[in-house]
Structure formats: C-alpha cells, structure tokens
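Next come the chains, spelled out residue by residue.
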Amino acid sequence: MHQDKFYMKTAIDEAKKATDMVYPNPKVGCVIVQNEKIISRGYHKKYGAPHAEAEAINNCDIELKNATMYVTLEPCNHDGKTPPCTKLIDPNKFKRIVIASRDPNPIIDNGLQKLIDKGLEVEFNICEEEAKFINRRFFTFHEKKRPFVILKYAATLDGFISENNGHSKWITSKKSRFSVHELRSTCDAILVGRRTIQSDNPSLTSHGVGTDPKIVILDPSSKVNEEYKAINKNTIHLTNELVEDKPVDNIQSILNTLYSLNIQSVMVEGGAITLTSFIDSGLFDEIHTYYAPKLIGDGISIYNSKKKISDSLNLQILKKEIFDNDIKITYYNKRAK
C-alpha cells in the first residue's frame, strides 16, 4: 500500500501538469511501473488529444510485461474523441491497474468492470481525495448535479466593495484585475445581479486573456435591456425563472438551470445581494477575495445579512497571492452543499 501511494502521488503530479485545455474532460495523470521502477508517464494534454493512459503507453520505450499502471481516474470504456482506454490496457502487458478514483460521469461506461473482466488485478480509491481535489469542478458537476461555484469580490481593508453610491473603480490594481480576467477565462459562466449591470455596465469578458465566459444575469424585475454591454446572443438572462421573494431561495433553481445548460463552473461577481444570497445558501465552493490597501470608512459591504461571530463558514485557505500591494486569498468551502 505504501508503494501504491508513492506511485499514485507521482501520477497525481502528472495530472497537475494539465491545463484548462482539457475541458470539459478532467485532468488525468498516469505512470507505468515495471520491476519496481517507473518506466513511463503521461498526462492528458487537451480535449480530443490522447488520454493519460495512451500517453504513458506511447511514451514507453521498453517491452511491457507484468507491468502496473497507476492512473488518477478510472479509464474510459466508450468511444469518444479517442478510442476507449480500456482497449489499450492489454493483460499480456499489464498485470495490475491501480486507480485513484472512480469516474462519476456515466458516459465512461464502467471502465473498472471492463478491466476486471479482462482478468486484470484492479485496485482503486488510492489517494482518492487528493486526486478528486485536482478535478473538484468536474466532480462537483457530476456528483452534486450543479456547477462548481466561485464567489469573487474586491474590497478595501475595511471590507467595502464600493462607495455608497456604487462607485468601485478601481479598488484594486491592474495586476489584480488581470488576475480576475484570467480567472474568468477558466470558467464556463460569470453571474451577476441586475444592479451590477445597471450601475457599472460591465462587459464581463476575459479582456482577451482567454475564452470569454457565458454571462448570466439575475433580473427578476426585467429591467436589463439590450442597451447594456453584457447582453448578447450568448447571455443567459434569468427573469421569470426567479419566482421566490427572497433571493437566497432562488439559488438552487438558478444552479439547476445552469446544470441543465451543461455549465460546469460559474463565477459569481456580484453585487452584494447576489453574493450574500450564495453565502447564505451554502451553495458555493470557493471564495476569491482581493483586498486593496484602502480605507473608506463607509460604503457597500460584501455581506449585507447578519451572522454571529460564532457562525463560522469553516473556510480553508487554499492560496495566497500578491499583486502589487493587493493581496488575494482563495478560500475553499469544505462544507459546500
């Protein structure tokens, strides 16, 4: 078991080399071990390209016999952009397959059972939690049947996201804003409330950094029209769908709609009412907060409801970054619904 964990962690390191070019597929890594030595490795580089198993097999320059394959996700058993990975795993070359986690996507057609039927010795759930965390957007989408939700905001040191009149340009530095554009380009959609559109008239694009996300606007009063930059043919304009009186009560139905549209990840950028609604619903996975060294004493707070000090969100810090004099903290919600 100790050796299995060692080799699987190496496969996980391979998976971490993958970029968002694999989307909508997950990031997968693979290593091949023979005679207690890693003889090949590979990872899935981009959507439509060979999967990690194929990469590792193709990268191997010695004859395989009684080898063990370590792969971070259950091999697929269906024809898609590439042939089934289970077909590539020859029992004359491999004796054993070790898998970090099962694939929650039903389209893979039970690859694990196919490998067992071929007579291979199969172990799974080795380093499962670490392997799943790499693909937390993918697993959230398939297991919880909703998009992975990122809440993002920029604030002053005293916790305000704008002045009382809504003016917020610019709280953070250019480098921080570039970081936001990069983050947008990794998400399927960006979601804002109607007031954000009316007060800022933002374009909500990635500003040329990468792919532009779809735009989701929450507008129960139907006040946003085509005069605003964010309205285009790809905009998801939610109006009559928002039937509950309290914004927080609409969050689940919003996510159900986005799930039905195959949106795997959504970044919520505001405003305060929308962000508060997601926080109170518990239906969020990460908070990306940018703090600038500014104090304004009064304004619009990120959170406009009420909690006690004892009402901890139990967030885990994933990452800390510095952009000029701004600091970005990324939090992970381990208790997300």
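Below is a short write-up of the structure. Counting restarts for each chain, with residues numbered from 1 along the sequence as it is written. Reporting of local features is limited, given that this is a predicted model, to residues whose pLDDT is at least 70; pairs of side-chain atoms are given and counted only at 80 or more, and all residues count toward the totals for whole chains, interfaces and linings. Note: side-chain values were computed over all heavy atoms of the structure, leaving out hydrogens and water.

Glancing now at the nonpolar core. Nine residue types can take part in a nonpolar core, namely buried Ala, Val, Leu, Ile, Met, Phe, Trp, Tyr and Cys, and a core is a set of them joined through side-chain atoms within 4.5 Å. Think of it in three bands: with a 1.4 Å probe and only protein chains considered, a residue is buried below 20% of the maximum accessible area for its type, exposed above 50%, and partly exposed in between. Counting 28 residues, the largest nonpolar core has Val 149, Leu 151, Leu 191, Val 216, Ile 254, Leu 258 and Phe 278 as the members making the most contacts within it. Note on conventions: DSSP H or I runs of at least 4 residues are helices, E runs of at least 2 residues are strands, and numbering of each starts at the N terminus. For this core, the secondary structure elements donating two or more residues are strand E6 (148–156), strand E8 (189–193), strand E9 (214–218), strand E10 (236–238), helix H9 (251–260), strand E11 (265–270) and helix H10 (272–281). Leave out the neighbours within four places in its chain, and Val 149 touches Leu 255, Val 266, Val 268, Phe 278, Leu 283, Phe 284, Asp 285 and Glu 286. Of all hydrophobic cores here, the second largest spans 22 residues; its members include Ala 52, Leu 73, Ile 97 and Leu 115. Contact criterion: two residues are considered in contact whenever any of their non-hydrogen atoms come within 4.5 Å of each other.

This part covers the environment of Leu 115. Here Leu 115 is to be found in helix H4 (residues 111–117). Judged by relative accessible area, Leu 115 falls into the buried class, the value being 0%. The spatial distance from the C-alpha of Leu 115 to the C-alpha of Ala 67 is 14 Å, given a sequence separation of 48 residues. Beyond its immediate stretch of four places on either side in the chain, Leu 115 contacts Pro 75, Thr 86, Ile 89, Ile 97, Ile 99, Leu 120 and Val 122.

With that settled, the discussion passes to the sheet that holds strand E14 (residues 315–323). Ordered in space as E10-E9-E8-E11-E6-E12-E15-E14, the eight strands form an open sheet in which the pairing is mixed. A single partner strand is all that each edge strand has here, and the edge strands are E10 and E14. Neighbour to neighbour, the strand axes of the sheet diverge by 20° on average, direction disregarded. Here, any two strands with at least 2 DSSP bridges between them count as paired. Both strand E12 (residues 286–292) and strand E15 (residues 326–333) contribute to a ladder of six bridges, which runs antiparallel. Here an axis means a line fitted to C-alpha atoms, over the contact stretch when the element is a helix, while the angle between two N-to-C directions is reported on a 0 to 180 degree scale.

What follows deals with the sheet that holds strand E1 (residues 29–34). Taken in spatial order, the five strands line up as E2-E1-E3-E4-E5 in an open sheet, and their pairing is mixed. A strand with exactly one partner marks an edge of an open sheet, and here the two such strands are strand E2 (37–43) and strand E5 (121–124). Taking the axes of each pair of neighbouring strands and ignoring which way they run, one obtains an average angle of 15° across the sheet. Relative to E5, strand E4 (residues 94–99) runs parallel, the two being bridged by four bridges. If you follow Val 98 over to E5, its bridge partner there is Glu 123. Set on the sheet, helix H1 (residues 2–15) makes contact with E1, E2, strand E3 (67–71) and E4; between it and E1 the angle comes to about 140°. The sheet contacts of helix H2 (residues 52–59) involve E1, E2, E3 and E4, and relative to E2 the element is tilted by about 130°.

Quick look at helix H6 (residues 136–144) now. For H6, the full list of buried residues reads Phe 138, Phe 139, Thr 140, Phe 141 and His 142. Residues of H6 that are buried in the fold lie against helix H5 (128–134), E6 and H9.

Attention shifts here to the pattern of salt bridges. Think of a salt bridge as a Lys or Arg side-chain nitrogen and an Asp or Glu carboxyl oxygen that are within 4 Å of each other. Per the stated rule, a full pass over the model turns up 16 salt bridges. Arg 146 is the partner of Asp 285 in a salt bridge, and the nearest nitrogen-oxygen pair spans 2.8 Å. A residue pair is termed long-range when its members are at least 10 positions apart, and Asp 285 in the loop between H10 and E12 and Arg 146 in the loop between H6 and E6 qualify at 139 residues. Neither residue differs from the other here; Asp 285 and Arg 146 are each classed as buried.

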